[in-house]
Amino acid sequence: MSKEKLSRISISLPESLLDGLDQMVNERGFESRSQAICDMINLQLNDHRAKQGHEVMTGTVNLVYNHSTPGLQKKLHDLQFEFIDEVISSLNVNLTHTNTLSIILVQGPADKLNMIADKMITLRGVVYGRLHINSYIIPPIHPLPSSKGD
């Protein structure tokens, strides 16, 4: 595998910002300032693409909800089934006698993932909800059937 060509750039920073960058590089264990800055730029580019709308992306909907709220679990299940093309998998963990953590793996156009997450997060009984999107696409889990009628 060949390495991607690197370009050298120069930036000017206030000393206090540079000191903060150096502290973060040391605390997080980056090999260099460049590696840390690449990580930050990738994060910002990913957030930008996630807000643009139609690019297919992967993410997780993270929810904490009160599982004793009448009908909530069924509504969450029904939404996952309604958007079965985008919902890849889910994991539920009971946190307390009343709260459950649900992590739902999703893939699809960013605007649709945001809409699905909003439908889940705004349900009565959801204590916390957040969509985390990244730019990577999950490889197909199983090959699609051929259209030749084998």
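This structure is a prediction, so every number in the text was calculated from the model and none was measured.

**Side note on the overall build of the chain**
The helix and strand inventory of the chain stands at four helices and four strands. Written out in order from the N terminus, the α and β elements of the chain read α-α-β-α-β-β-α-β. Expressed as a percentage of the 150 residues in the chain, the buried residues total 27%. Within the chain, contacts between residues at least 6 apart in sequence are counted, and of these 66% link residues at least 24 apart. Of the roughly 11300 Å² that the chain leaves accessible, carbon and sulfur atoms contribute 55%.

**Observations regarding the nonpolar core**
By size, the foremost hydrophobic cluster in this structure holds 20 residues, and its most contacted members are Val-61, Leu-63, Leu-76, Ile-104, Val-106, Met-120 and Leu-131. Broken down by secondary-structure element, the contributors of at least two residues to this core are strand E1 (56–66), helix H3 (72–82), strand E3 (99–109), helix H4 (110–121) and strand E4 (126–134). Counting residues per element, this core draws most heavily on H4, at five residues. When residues no more than four places from it in sequence are discounted, the contact partners of Val-106 are Met-57, Thr-58, Gly-59, Thr-60, Val-61, Glu-86, Val-87, Ile-88, Leu-113 and Leu-131.

What counts and how
Residues numbered from 1 in each chain as written. Predicted model: local features only at pLDDT ≥ 70, side-chain atom pairs only at ≥ 80, totals over all residues. Heavy atoms only, no water. Helix = DSSP H or I, 4+ residues; strand = E, 2+ residues; numbered from the N terminus. Buried < 20%, exposed > 50% of the residue type's maximum accessible area, 1.4 Å probe, protein only. Contact = heavy atoms within 4.5 Å. Areas by Shrake-Rupley, 256 points an atom, 1.4 Å probe, with all protein chains shown as cover. Core = buried A, V, L, I, M, F, W, Y, C linked by side-chain atoms within 4.5 Å.

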